[in-house]
Each structure stands twice: as structure tokens, then as C-alpha cells.
Amino acid sequence: MKYVSTRGYSEAVDFLAASLAGLAPDGGLYTPVSWPQIERPKAGDSYVETATRVLSAFAGGTLSDEVICTLAERAYAPFAHQSVAPLVEVGPNRWMLELHHGPTLAFKDVAMRLIAQLYDYVLEQRGERMTILCATSGDTGGAAASAFAGSKRVDMVILHPHNRVSPVQRLFMTATGSDNVHNLALEGDFDGTQAILKQLIGDEHFRRRVGLAAVNSINWTRVAAQSVYFAQAQAQLGGDRPIHFVVPTGNFGDALAGYVAARSGLLNSFRITAAVNANDAMARLLSGQPLTRGDTAPTISPAMDIQLPSNFERLFYEATSANGDPAVRNGAIVAKAYAELAAKGQGGIPPDVSARLASMGLDGHRVSDDETREEMKRTLTETGWAVCPHTAVGLAAARRVRHEGPIVTLATAHAAKFPETVREVLGVDAPLPARAQPFASRPEKFDTGPMSADFVRERILSIAMKS
Ligand SMILES: *Cc1c(COP(=O)(O)O)cnc(C)c1O
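Here the structure is a predicted model, which means the values were calculated and not measured. (Residues numbered from 1 in each chain as written. Predicted model: local features only at pLDDT ≥ 70, side-chain atom pairs only at ≥ 80, totals over all residues. Heavy atoms only, no water.)

K.L.:
Would you mind showing me how to read the overall build of the protein here?
P.N.:
From N to C terminus, the protein includes 19 helices and 15 strands. Relative to a compact globule of 467 residues, whose C-alpha radius of gyration would be 23 Å, the protein shows 20 Å and is just as compact. Along the first, second and third principal axes, the C-alpha atoms of the protein reach 55 × 55 × 50 Å. When burial is assessed residue by residue, the protein has 63% of its 467 residues classed as buried. When contacts within the protein are restricted to residue pairs at least 6 apart in sequence, long-range pairs at least 24 apart make up 76% of them. Per element, the accessible surface of the protein, about 16600 Å² overall, is 49% carbon and sulfur. (Helix = DSSP H or I, 4+ residues; strand = E, 2+ residues; numbered from the N terminus. Rg over C-alpha atoms; globule rule 2.2 N^0.38 Å. Buried < 20%, exposed > 50% of the residue type's maximum accessible area, 1.4 Å probe, protein only. Contact = heavy atoms within 4.5 Å. Areas by Shrake-Rupley, 256 points an atom, 1.4 Å probe, with all protein chains shown as cover.)

K.L.:
What is the right way to read the site of the ligand from this model?
P.N.:
By nearness alone, 15 residues border the ligand, and Lys 108, Asp 139, Gly 250, Asn 251 and Thr 412 come closest of all. Within the contact set of the ligand, an oxygen atom lies 2.8 Å away from a backbone nitrogen or oxygen of Gly 250. Contact between the ligand and Thr 412: a nitrogen atom at 2.8 Å from a side-chain N or O atom of the residue. Notes on the ligand: free accessible area 380 Å², of which the protein chains cover 99%. Among the residues forming the shell around the ligand, the class breakdown is six nonpolar, six polar and three charged. (Near = heavy atom within 4 Å. Polar contact = N/O pair within 3.5 Å; in protein donor to acceptor, adjacent residues only side chain to side chain. Nonpolar A, V, L, I, M, F, W, Y, C, P; charged D, E, K, R; others polar.)

K.L.:
What am I meant to see in the sheet that holds strand S5 (residues 130-135) here?
P.N.:
Strand pairs in the sheet, formed through backbone hydrogen bonds, run parallel or antiparallel to each other. Judged by pairing direction, the sheet is parallel, and its five strands sit side by side in the order S8-S5-S6-S7-S15 without closing on themselves. The open sheet terminates on both sides in strands that have one partner only, identified here as strand S8 (212-214) and strand S15 (447-450). The sheet shows a mean angle of 30 degrees between the axes of neighbouring strands, taken without regard to direction. Note that strand S6 (residues 154-161) and strand S7 (residues 181-187) share six bridges and pair parallel. Among the inter-strand pairings, Met 156 is bridged to a residue of S7, identified as Val 181. Each of S5, S6 and S7 touches helix H5 (residues 139-148); the most contacted strand, S6, lies at about 165 degrees to it. (Pairing = 2+ DSSP bridges. Axes fitted to C-alpha atoms, helices over the stretch in contact; angles between N-to-C directions.)

K.L.:
What am I meant to see in the packing of helix H15 (residues 369-383) against helix H17 (residues 419-426) here?
P.N.:
In a pair of packed helices, the angle between the axes and the distance between the axes together describe the arrangement. Taken N-terminus to C-terminus, the directions of H15 and H17 make an angle of 75 degrees; their axes are 10 Å apart at the nearest point. With respect to H17, the axis of H15 lies roughly perpendicular. Facing Arg 373, Met 376, Lys 377 and Leu 380 of H15, the residues of H17 in contact are Thr 421, Val 422, Glu 424, Val 425 and Leu 426. (Parallel < 35°, antiparallel > 145°, perpendicular 65-115°, else oblique.)

Pasting the structure below:
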């Protein structure tokens, strides 16, 4: 199993190289050269069993099943629910897949904990150290900080948009109490932090000098790890029932993992609605509009305030193949569109590729802040549960879906991660669960600075030189 770049100009690499690099040297994202066909889990298979089977297929022999199983066991031991991603019913044939039982209360823990185990294992084997850069719209940073906290092999540098994350989100990244986790709050929006990350990772000389890697949602291991809970949901609801998934979407990593699960034979059928807030780029891209770089609008679902969803590039690459055969995907088309975007602020998608994007089983649905508030109230009335605003964006979109079988909305974060919004909208408190209490009692540690690649480069150098 090899991995190729979505832009077509990098050499194919194996799973470990793809995972450790994050971004391919040509600026593209690593994606499997072909789709493995993975045996579906049975109802009752444990999360770790399924994770081992799925990751083993994607690892393509670079790690033994025993090693993968050990890493998965360690990754998921701190979850507060033994099923890792339990399904709960919210109404007739309507379900939530709860992904917030990890240490930092959002679905990012599921993949990030596994990545941290993988990195530590591989770096230990090789006797190496790395500096890991992470750009976050709020939840990835906390998951990464908590997963890598205390690692002897990794320095973690987290970039977040200053004052654009919730206080609890910030707490999880800045109050780890570990010296190997560094935070930079930059003046600007998430797309700015993501652009800096791509620029630094793309600087081969710098990347080698400080042993730099990225663990954003562009990292292939994240996508692979997230495809596991789609497979588990299918197994639990009945292996042959067509499920319609609704995924609260920002950078499009989670929804893409559903696509990957389907292509790898883990789902019975493929229907996904990407639920977006006012930052509706994904909905526009799926309806044939060009890549653009707009300003981000702040909403009450901040982890989804993203104008240019990075993982769209992987779907775009898929859609360049006329007959769905991975062997004839065309990275040059993707590279051209992103080069145009960089040069002119707009990147055109050829009409035949657009038409295919629109017929892949994915659609986008936009939900306003007002609709999100209404949904939070309605869910509280109907189930007694306070849900986080991101999950509410999904639940609101799910009400519009017409589907005979089960409709599964991914619950991407715990309400306690957004207590201000929950209090304002629902008038109730959303206290931190016990597993998150230690964060609240430690001091926060972060520096502020300009949205500048040079500023970040200097900081990384001084951190890497010290360790
Ligand atoms: C990251 C995040 C999302 C968006 O997920 P993507 O994979 O970026 O599309 C949605 N909800 C929450 C709570 C998140 O943290």
C-alpha cells in the first residue's frame, strides 16, 4: 500500500512516511494509491478490534497487527466510554454517534491519540525527535496537546487564532502542564494559521533542519483513524442497512473519513450531508463553484469557521477520475486549480470534475446561527440533552434529510466545551466532566504574535535548538 500526492508531483511513499510527513513535498495531500477492501466489523466487535483491522489495511505491512492493536489500546484507554464512539437514539430512526468521550471532549481526540501513539512508537524505534506543528480552529490543538503532552520524542507547537477559540478550547491546549507543548496565539483567523503551517512544512530546508511534521486534519492517519467509527456505526445498526450520515463540517476531514470508509467497503452505501455554518465553502464546492479564498465569518460553531476546507483536495483528486478508478486520477488538474487559487484568489474546477463531485453521494447543507440555536432548544425539549452548537448544526441539517433508513449525525463535541453558548441559548450550565477537571486547575501558558510565518519560524527554531 503506497500513498501518492493529490498534486501528482511527489514520489509515492509508504504509510509511515505519509503519516510522519503530513503534507507531500509538492504541497498536495497523501492519499492511498488504491482503495483496500476491508472486511466489515460485526455487531459486537470492539472499537479496538475494528481500529486494528482498518489501520492494518492502511498501514500496508509497515506495522504488525500486534503493534497496531497495542497502540490503539493505549490510545483509547482514557476514553470515558468503553465503546469509544457510542450510538444514541435521538428520535425514530435518528441517531447521534457520540465522538466526545475523549480527554478533551471533541472528536479530534479519536484520531489524535492514535497519531501520538504512532509517532512515539516510530520515533522511539528510530531514536529520533520531531517538532510537530499543529494549526487549530479550536479542538485539534487541545486534542494534540493532550495526546502529545509529556512525550519525550516530540516538541509540539500549536498555532491558534487569538480570541477566536472558546475559553475551554484554549484551556485544553494551554494548560497541559507539560513543557513539550508550546502555544502561539496569532492575530487573525484559522485559515491564516493553516496557510503558515503549509508554508513552513513546504519549506524543505526548514522542515529537515527542525524535523518538522504536521498533525492537522490533512494528516492521512487522522482520516484513516476516523473512518473506524463510521464502520462501527454501520455494524451496530445492521450491516446491510443504508445509513445517511450527517457530519458537522469545517476542514472536511471527518466527512472525508466517511467517504474513505465507503470506498474501502466498510459501509453498505454512501450518503453524507456535510452540515456547515455560515462558512459554507464546502456546500458551494459540492455544487460546482470554484475554489475561493474569502474572509471567515465568526459563528457560534467556531471549530467550523473555515473558508477553505483542506481535505476537499482529496475529494477533488478522487473526482478527477472519470470512472472511479484510482489508477487514472489526475493530480495535474488539482495542482493547476490550487496554483490558480494562490495566484488569482480563485481556482477553477473543470466542469466534468464538478459534475462528478456533485454525484459522489455527498451534499452540503448550510445552517445559520439562529437555526443552530433553535435546534439546541428543540433537542433539549425532545431528549433532555444539551448538545454543543457544532452537533446542533448537524442535527438541524439532519431534519431536512429524506431517507428511509437510519440517519446518523456525528456529535462532534461535548456541550461543556462551549458553556457560554449553552448558557446563553439554553439557560443551563454545562459543567466540565470529571476527566477534564485537572485542566481547569492548571495555569494557561501561551504567547501572542502576528499572523506571520517568520514569527512562527523563529519560535520553532528557538524551541528546537533547546531540546
Ligand atoms: C473540527 C470540528 C468540526 C469539523 O470537523 P472537520 O473534520 O474539520 O470537518 C466539527 N465540530 C467540532 C466540534 C470540531 O472540533
